[in-house]
2 protein chains.
Amino acid sequence: MSPATRRSESDVRRRLSLVAEPGDPRLRDLLQHHEPGAVLRAAQGRGVLAGRPLPAAWQERAAGLDDADTVALARAESVGLRWVVPGDDEWPEPLGDLDHVEPLGGTAGAPLGLWVRGTVRLDEALSAAVAIVGARAATTYGLGLAGEIAAGLGDAGVAVVSGAAFGIDAAAHRGALAARGTTVAVLAGGADLPYPRAHASLLDLIAAGGAVVSEQPPGQVAIRARFLTRNRLIAALAGGTVVVEAAARSGSLNTLHWADRLGRTTMGTPGPVTSQMSEGVHLALRSGEAELVTRADDVLESLGGIGAEPAPEPVRRTTAYDRLGPDAARTLDGLRWSETLTTDQVARRVGLAGSQAQEHLTALVDAGYAERLGDGWTLVRRADLA
Amino acid sequence: MSPATRRSESDVRRRLSLVAEPGDPRLRDLLQHHEPGAVLRAAQGRGVLAGRPLPAAWQERAAGLDDADTVALARAESVGLRWVVPGDDEWPEPLGDLDHVEPLGGTAGAPLGLWVRGTVRLDEALSAAVAIVGARAATTYGLGLAGEIAAGLGDAGVAVVSGAAFGIDAAAHRGALAARGTTVAVLAGGADLPYPRAHASLLDLIAAGGAVVSEQPPGQVAIRARFLTRNRLIAALAGGTVVVEAAARSGSLNTLHWADRLGRTTMGTPGPVTSQMSEGVHLALRSGEAELVTRADDVLESLGGIGAEPAPEPVRRTTAYDRLGPDAARTLDGLRWSETLTTDQVARRVGLAGSQAQEHLTALVDAGYAERLGDGWTLVRRADLA
């Protein structure tokens, strides 16, 4: 494709995104059989493609397209957004998976393109990425956990993708930023509009070292339906999605469903069963839709080791009993600090023959665990026998 | 089998349990090819069975068997223990499964019999039973959760099996007792010896409405190895095992492993990832060895609905958005309390054709969600639009 053709293809996609609502399954269906240019021309023309009418709203929008495009471009320029489409070097190829899965919640398909604010090359920033999403009304526990997992991923060189919402999303972005990791925010409205407004400076920080992206044209407002549409991008841009806290009916579970549908790794963090904010995650864990993770190392392990070594076994305290053979441990277990027992008493107590008990008791004295006291045996006070 | 033969078989098993340590895999292996009577006779005779020597400890114990049996019977009589063996009406048949699985942690096989303290018929008490086990050093969270699940099982007519230890075990027994449910304690030492001593009155309460059982002869002390041996009985007596709190290396996980090996339902409750006491459970949940449960209804559901109806869906709050079709909801979402918008403004904002928006706006006014204000539309203040 020549640079001119590519630019024209990029322009077509940008203009089409002003005509058809991004994520509309009808658009996905049309693009499976027609070029974006053909769809755009039909919307601007008679409103019919291959003998079938296009949605009325597309025709209406197409009528005012030039003005809308001018406004969008001006908005983009004013905040430094660039428009990235399939075929561009930095296009994140995994988004293409969205064209091959069924719609969910009335939304479907890969985006026509992404408006990007930020300095990183998007494909490189997202070469290893995990989405962390969750409740807006998160608990202190959930916020801390999201931040810690995000920071751990940042340390491991894995980007954190989220939606910049209050609660878990913001904690995840902040955790990644704190670890000097890359983080990418995917917005439900235009990438030029800080949403929520209170996160304007957070979004500035995200853009400074990562990216703020949206498939919606600049200036587009974030309405409820667009959050669901947006969730599919969060799931598709990451190799796996972690839900940190979610009530039984949280929108974060929608992102998890998308990740599941896309064959990405689906994960959730447990919490107290008494916390409503963990209820949705527990349901997903119980149903098997998500794997349980408790820390960044678990996440990396579940993803098949992107970026880091496998999770270490939790540290375990070894006691004398672990270092002895089963019969020696059994003999040791028959001894008490408070009493002196004969060999026969120990043998009977632990169910060994007298000769076996004698042998093990002698060895335990040599090892410093037991001592002889007259005719009997007693335990030595040691910390590792507690 | 005549009553006399049965009594003699029962006597043989009781006497053999004084000779061979219950749970010894060598005993299990011998009993797969020989009658208990043959093993006992060999231990009391030349110490050889089918050309192979029996363990030296068995021969030593066999030498003092009559005295030991007299002591055991006297102890049993003094606290009202009865000896129950396979073939007895109240023998819990599921224990037989232990003869068909591999040893774990140096222990194996169905018990020779059970010493029982309590008024219930053991097989009936355990016809529907769940084991609840966990950490001794449990947290307040874990204790409350164990008690609540146990009480829920008690309400559903399901018996709670546990080990009477400090922490989760005791909380489980107490939860079942509080709900007037049946509960069964399986001890690592003799059923005549309250263990731990501080639970003497708890064990009295358990025996009063349920049972305190042990495969160990009366008077036998609870040593460390016998807790592991005992755990297999807890797992085998119940249809499923729930671990409520367990550190990474807790003995409660041993009970879960047994339940797994026995093909019982294996379950665990999540907790804060910051709690060491949940670490072992989370590992089991993450590895898939246990299913996540958060309440008694989950447990009943996992067990295939013994005793109760399936868990109800968590209560969810419905909003106006759930009751409307997608385009109507979208239109509604374009309205604001704070501003009055024209039909075209709404249409553009939400990506619908003007005629569609008009139609939905009119319907929303009829439904009481929106109102006309001059040339425009605005939102009605309603609780279900929050």
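Residues numbered from 1 in each chain as written. Chains lettered and ligands numbered in written order. Predicted model: local features only at pLDDT ≥ 70, side-chain atom pairs only at ≥ 80, totals over all residues.

Quick look at the packing of helix α1 (residues 3-19) of chain B against helix α3 (residues 36-44) of chain B now. Residues and elements named next belong to chain B. Where α1 meets α3, the axes come as close as 9 Å, and the angle between the chain directions of the two elements is 45°. Classified by the angle their axes make, α1 and α3 are oblique. Seen along the crossing, α1 lies across α3 with a hand that is left-handed. Taken together, the residues of α3 that come into contact with α1 (itself represented by V12, R13, R15, L16 and V19) are P36, G37, V39, L40 and A43. Taken together, the residues of the contact of α1 with α3 break down into seven nonpolar, one polar and two charged. (Axes fitted to C-alpha atoms, helices over the stretch in contact; angles between N-to-C directions. Helix = DSSP H or I, 4+ residues; strand = E, 2+ residues; numbered from the N terminus. Parallel < 35°, antiparallel > 145°, perpendicular 65-115°, else oblique. Left-handed = near helix turned anticlockwise from the far one by under 90°. Contact = placed C-beta atoms within 7 Å. Nonpolar A, V, L, I, M, F, W, Y, C, P; charged D, E, K, R; others polar.)

Right, let's talk about helix α1 (residues 3-19) of chain A for a bit. What sets the pattern is the α-helix's 3.6 residues per turn: residues three or four places apart point alike. Residue and element names in this part refer to chain A. The first and last C-alpha atoms of α1 sit 24 Å apart over 17 residues, in line with the 24 Å expected at 1.5 Å per residue. Among all positions of α1, only V12, R13, R14, R15, L16, S17, L18 and V19 are buried. Turning to α1, the residues buried within the fold contact α3 (36-44), α4 (56-63), α5 (65-79) and β3 (82-84). (Expected span 1.5 Å × (residues − 1). Buried ≥ 20, exposed ≤ 12 C-beta atoms within 10 Å, placed from the backbone.)

Right, let's get into the environment of V160(B). All names here are of chain B. As for its placement among the helices and strands, V160 is situated in strand β6 (residues 159-162). Residue V160 is classed as buried on the basis of its C-beta count, with 32 C-beta atoms lying within 10 Å. Placed 38 residues apart in sequence, V160 and L122 show a C-alpha to C-alpha distance of 13 Å. Excluding its chain neighbours within four sequence positions, the residues that come into contact with V160 are V130, I132, A150, L153, G154, A172, H173, A176, G181 and T183.

Another point: the interface of chain B and chain A. On the chain A side, the residues contacting the 44 residues of chain B number 43 residues. Going through the elements one at a time, α4 (56-63), α7 (140-155), α10 (224-237), α12 (276-287), β11 (291-292), α15 (326-334), α16 (343-350) and α17 (354-366) of chain B are the ones with two or more residues in the side of chain B that touches chain A. Among the residues forming the side of chain B that touches chain A, the class breakdown is 21 nonpolar, 10 polar and 13 charged.

Turning next to the nonpolar core. The biggest cluster of nonpolar side chains holds 242 residues, and the ones touching the most others in it are V130(A), I132(A), L237(A), V130(B), I132(B) and L237(B). In contact with V130(B), other than residues within four places in its own chain, are L153(B), V158(B), V160(B), A238(B), G239(B), G240(B), V242(B), V299(B) and L303(B). (Core = buried A, V, L, I, M, F, W, Y, C linked by C-beta atoms within 7 Å.)

Each neighbour pair has its own omega, and for Y195(A) with P196(A) the value is -5°, a cis peptide bond. Considering the arrangement of structural elements, one finds P196(A) in the loop between β7 (183-186) and α9 (200-209). Unlike most non-glycine residues, A50(A) shows phi in positive territory, near 50°. On the basis of neighbour counts, which here come to 9 C-beta atoms within 10 Å, the residue A50(A) falls in the exposed class. With a phi close to 65°, A164(B) is a non-glycine residue in the positive phi region. Assignment of secondary structure puts A164(B) in the loop between β6 and α8 (168-178).

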